[in-house]
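# An overview of the molecular structure
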Amino acid sequence: MVAGSSNWPDDGLVATDVGTAPESAVIQIDKKRRRRQIALDIRRDRYLYMLLVVPVAYYLIFKYAPMYGVTIAFKDYNLFKGVFASEWVGFEVFRQIFNMPDFMRALRNTLLLNMLGLLIGFPAPIIIAVMLSELRSPWFKRTAQTVLYLPHFISWMIIGGMVYQIFATRSGTINGMLTNWFGIEPIPFLTQNFSWVAIYIFSGIWQSMGWGAIIYLAAIAGINPELYEAATVDGCTRLQRIRHITLPGIRPTVSILLILRLGRFMDIGFEPPYVLGNVLVREYSDVISTFVYRVGIQSAQFSVATAVGLFQSVIGLILLITANQMSKRIGDQGLW
Amino acid sequence: MVGIKRSPGEYAFDVFITVSIGILAFLCLYPFLNITAIAFSSPAAVITGRVNMLPVEFQMESVRVVYQDVGMWRAFRFTVLLTATFTALTMIATICTAYPLAQKRLRGRNVLMFMVTFTMFFNGGLIPTYLLVRGIGLIDSMWALILPGLVATWNMIIMRSFFLNLPAELEESARIDGANDILILIRIILPVSTPVLAAISLFYAVGRWNGFQDAVFFINDATKYPLQLVLNQIVMRGQTDQMMTELVDEEQSAVVPETIKAATLLFVTIPIILVYPWLQKYFVKGIMLGSIKG
């Protein structure tokens, strides 16, 4: 029987390799079998694959193509040459940005604001959730929740407008109270560094503290009620119950959310600093996101801005992986 | 716990908790009250800082000016159109991603899932994305606000988890009758998935309505600004002149940039307040669905 000129009906399972060792013949049959099976499966699920065409195209175009674009960080991007033809400069751009005072400032501000936000903003939803769970009146609890969730649904532009009205130097609400009720001179809250940072942090907390409590409330609801009953029988006060049952009960939730938060330590939203920041407090209000926007889109220094973005993404990825490992090590579950 | 007498300590604790929550709730509400009060107060009262939670020297001029402004309504209609289109397209795209990826028999499923989830942890950054959008010619186009965000991976994962948790029997009888995947999806799976569909559409819709950073990056033409950026122009950049020049003299004395700004804030905030009860209900449901790891 000569290979390839078979008189047998071709069902795709013919061994065409007339090799000397029997195993290679078997491997060839297996490969052909597997390929046949794959083809069958794809045909069976053809509609599913058709559904996936647009989403996969989307991910390739809008998520993966830009990933290739980070090569701009290693090139001296020239508008006319485009991404592919621009000259390769290696890590020169990175060396450049670490010598840029503006970038180092943006980096410092990002870390500073994130740290303050973490210290004050991370415990807030937890405390609120615990307090809400200790309320006796279901009516009051529900009403309070409705009101507390509201800021989460308001855009940062609106929040900015409200902040400006409340804290403005001229005709601002708080300064109005200070002047009319106490005879104090107006304080320029929004144009002084320290007060600006405080306003930034607290408006962020204002926006997210209520909503952030939801996940902790769900965790508290999952604690076995028998534990509470047993504690009451043993004569625990409310505070003791909170300390010994509620808090330990939500510890897994707290750790995983803390990890997620730490993993995003290099990230900072664009909208809040963009809206609340102004030229006078740029020393503290300029962060990585606004820096990239300013330098990249407004000043068209594409290589610099891309390098900063890449730096941020890579550090963020490292942080996330580290935080995830640490979580698993202390016994709680990780993200993956 | 009914019937057990509370000790003075317990009572004090309850009072403390109630008052604390009350204060926090009040703080959440206060800015809205303040803005509303200012929008309806006289210029004199506003400038001298006498307005707090209630209007002082009530007047409706500022609100009237803003609600009659053609530009505001144009931006409003555009944003409604944008949000509706965005939500419809993202929901279709998300379903088309989540449903196939929820089928365990799909070859290459794991690779695809990895490809998709990886984008949540690493991305090209703003500039490559900007250059891409510009390269495709989407700058100053509504599509720049739709296409780059067509599938939010997090939302897709929530939907996929939901599909994975549906009982297998659901599609079995249809499959025996010879229905293909698409028919099963449309006739059986989707009707049963209303909780997750409602929650995710609201996630997308509210995100689109409130979000504006992509408009800052991709839209330079002021006539194509979504509502939040128009708000930016008026409230943050103080460009209240456009609205005020259309006023007659005597009307002009009844308004002041602060009241116009407050009235504009009101204009943009009220739509959200109106749909808030539904938002709250479905968003909370969505969060619960999202906490269940598929």
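Above this text you will find the structure in question.
In this report, the structure presented in the accompanying data block is examined. (Residues numbered from 1 in each chain as written. Chains lettered and ligands numbered in written order. Predicted model: local features only at pLDDT ≥ 70, side-chain atom pairs only at ≥ 80, totals over all residues. Heavy atoms only, no water.)

### Some thoughts on the nonpolar core
In plain terms, the rule: Definition of nonpolar core: a set of buried residues of the types Ala, Val, Leu, Ile, Met, Phe, Trp, Tyr and Cys, connected through side-chain atoms within 4.5 Å. Note on exposure labels: buried denotes an accessible area under 20% of the residue type's maximum, exposed denotes more than 50%, and partly exposed covers the range between, all computed with a 1.4 Å probe on protein chains only. Counting from the N terminus, the helices are the DSSP runs of H or I reaching at least four residues and the strands are the DSSP runs of E reaching at least two. The contact criterion used throughout is that any non-hydrogen atoms of two residues lie within 4.5 Å.
If you look at the biggest cluster of nonpolar residues, it comprises 185 residues, and the most contacted ones within it are F153 of chain A together with M159 and F163 of chain B. It is helix 10 (residues 193-221) of chain A that provides the largest number of residues to this core, a total of 15 residues. Once residues lying within four places of it in the same chain are set aside, the contact partners of F153 of chain A are W211 of chain A together with V206, N210, I272, Y276, L279, Q280 and F283 of chain B.

### Quick look at a positive patch on the surface
In plain terms, the rule: Distance thresholds for patches are 9 Å for like charges and 5 Å for nonpolar side chains (Val, Leu, Ile, Met, Phe, Trp, Tyr), applied to residues having over 30% relative accessible area and no salt bridge. Each accessible area value is a Shrake-Rupley result obtained with a 1.4 Å probe; residue values ignore everything except the protein chains displayed when judging cover. Salt bridge, as applied in this entry: a Lys or Arg side-chain nitrogen positioned within 4 Å of an Asp or Glu carboxyl oxygen. Working convention for charge: Lys and Arg count positive, Asp and Glu count negative, and His plus the chain ends are omitted. Think of each charge as sitting on NZ of Lys, CZ of Arg, CG of Asp or CD of Glu.
On the surface, K31, K32, R34 and R35 of chain A cluster together to form a positively charged patch. Mapped onto the elements of the fold, K32 of chain A is located in helix 1 (residues 22-44).

### Overview of the packing of aromatic side chains
Where we set the bar: Side-chain rings of Phe, Tyr and Trp (the six-membered ring for Trp) are treated as a pair once their centres are within 6.5 Å; stacked means planes under 30 degrees apart, edge-to-face means over 60, and tilted covers the remaining angles. We call a charge positioned above a ring when the Lys NZ or Arg CZ atom is no farther than 6 Å from the ring centre and deviates by at most 35 degrees from the ring normal.
Evaluated as defined, the whole model comprises 41 aromatic pairs over all chains. Where F74 of chain A meets F94 of chain A, the ring centres are 5.5 Å apart and the plane angle is 45 degrees; that geometry is what we call tilted. Here F74 of chain A, found in the loop between helix 2 (46-69) and strand 1 (75-78), pairs with F94 of chain A, found in helix 4 (residues 92-98); they are 20 residues apart in sequence, far enough to count as distant. The same class applies to F74 of chain A as to F94 of chain A, namely buried. Arranged with centres 4.9 Å apart and planes meeting at 25 degrees, the rings of F270 of chain A and Y274 of chain A form a pair that is stacked. You can call Y274 of chain A partly exposed: its relative accessible area is 21%. Positioned over the ring face of Y284 of chain A is R108 of chain A, at 4.8 Å from the centre of the ring. Sitting over the ring of F86 of chain B, R208 of chain B keeps its end group 5.6 Å from the ring centre.

### Concerning empty space enclosed by the protein
Here is the rule we go by: Definitions used for this entry: grid spacing 1 Å over protein atoms alone; cavity, a set of points where a 1.4 Å probe fits but cannot get out; pocket, an open set with protein on both sides within 12 Å along at least 5 of 7 lines; lining residue, one with an atom within 4 Å of a point. Grid points are joined across faces, edges and corners, and a volume is the space filled by probe spheres set on the points. Lys, Arg, Asp and Glu make up the charged group, whereas Ala, Val, Leu, Ile, Met, Phe, Trp, Tyr, Cys and Pro make up the nonpolar group; the residues left over, Gly among them, are polar.
Under the defined criterion, the tally for this structure stands at two cavities of 30 Å³ or more. As a volume, the largest cavity reaches approximately 50 Å³. Lining the largest cavity we find L52, P55, V56 and Y59 of chain A together with T97, L101, L112, M115 and V116 of chain B. Broken down by element, the residue count for the lining of the largest cavity peaks at four residues, all from helix 2 of chain A. Classifying every residue of the lining of the largest cavity by side-chain character gives eight nonpolar, one polar and no charged. Of the volumes computed, that of the second largest cavity is approximately 30 Å³. Surrounding the second largest cavity, Q165, S171, G172 and T173 of chain A together with I38, V46, G49 and V51 of chain B form its lining.

### So, the interface of chain B and chain A
Interfaces are frequently sized by the accessible area removed from exposure as the parts join. Put simply, the rule is: Take the accessible area each of two parts loses on contact, using a 1.4 Å probe, and add the two losses: that sum is the buried area.
Contacts between chain B and chain A engage 95 residues on the former and 92 residues on the latter. Taken over both partners, the interface formed by chain B and chain A buries close to 8,500 Å², and the fraction arising from carbon and sulfur atoms is 75%. In this assembly, chain B and chain A are joined by seven salt bridges. The salt bridge partner of R136 of chain A is E10 of chain B, with a shortest N-O separation of 3.5 Å.

### Focus on the side chain of E258 of chain B
Note on placement: E258 of chain B falls in helix 15 (residues 257-291). Accessibility expressed as a relative area gives 13% for E258 of chain B, which makes it buried. Setting aside residues no more than four positions away along its own chain, E258 of chain B makes contact with Q165, R170 and S171 of chain A together with I38 and V46 of chain B.

### Concerning the pattern of salt bridges
Residue and element names in this part refer to chain B. All told, the structure shown has 24 salt bridges over all chains when counted by the stated rule. One salt bridge connects D221 with K224, and the closest N-O pair in it is separated by 3.9 Å. The exposure class of D221 is partly exposed, given its relative accessible area of 27%. What makes K224 partly exposed here is its relative accessible area of 34%.

### A look at the pairing of strand 1 of chain A
Residues and elements named next belong to chain A. Heads up, the rule is: Should DSSP find at least two bridges between two strands, the strands are taken to pair.
Only one face of strand 1 is buried: it carries K75 and Y77, and the other face, with D76 and N78, is open. Sheet topology places strand 1 next to strand 2 (residues 86-88); two bridges connect them, and they run antiparallel. Its bridge partner lying in strand 2, K75 is registered against W88.

### Topic: helix 5 (residues 109-121) of chain B
Quick reminder of the rule: In this scheme, a helix's expected span is set at 1.5 Å multiplied by one less than its residue total.
Spanning 13 residues, helix 5 of chain B covers 19 Å between terminal C-alpha atoms, matching the ideal 18 Å at 1.5 Å per step. Packed against the buried residues of helix 5 of chain B are helix 2 of chain A together with helix 4 (70-101) and helix 7 (153-164) of chain B.

### Re unusual backbone geometry
Even without being glycine, S171 of chain A reaches a positive phi, approximately 65 degrees. Checked against the element boundaries, S171 of chain A lands in the loop between helix 8 (156-167) and helix 9 (173-182).

### Notes on the packing of helix 7 of chain B against helix 10 (residues 194-210) of chain B
Residues and elements named next belong to chain B. Spelled out, the test is: Lines fitted to the C-alpha atoms define the axes, with helices restricted to the stretch that makes contact. Angles between their N-to-C directions range from 0 to 180 degrees. For this classification, under 35 degrees means roughly parallel, over 145 means roughly antiparallel, 65 to 115 means roughly perpendicular, and everything else is oblique.
Remark: helix 7 packs on helix 10, axes separated minimally by 10 Å, with the N-to-C direction vectors making an angle of 175 degrees. Comparing the axis directions of helix 7 and helix 10 gives the class roughly antiparallel. Judged by residue contacts, N155, I158, M159 and F162 of helix 7 engage P195, V196, L197, I200, F203 and Y204 from helix 10. For the contact of helix 7 with helix 10, the class distribution of residues is nine nonpolar, one polar and no charged.

Distances and angles like these do not, on their own, reveal function.
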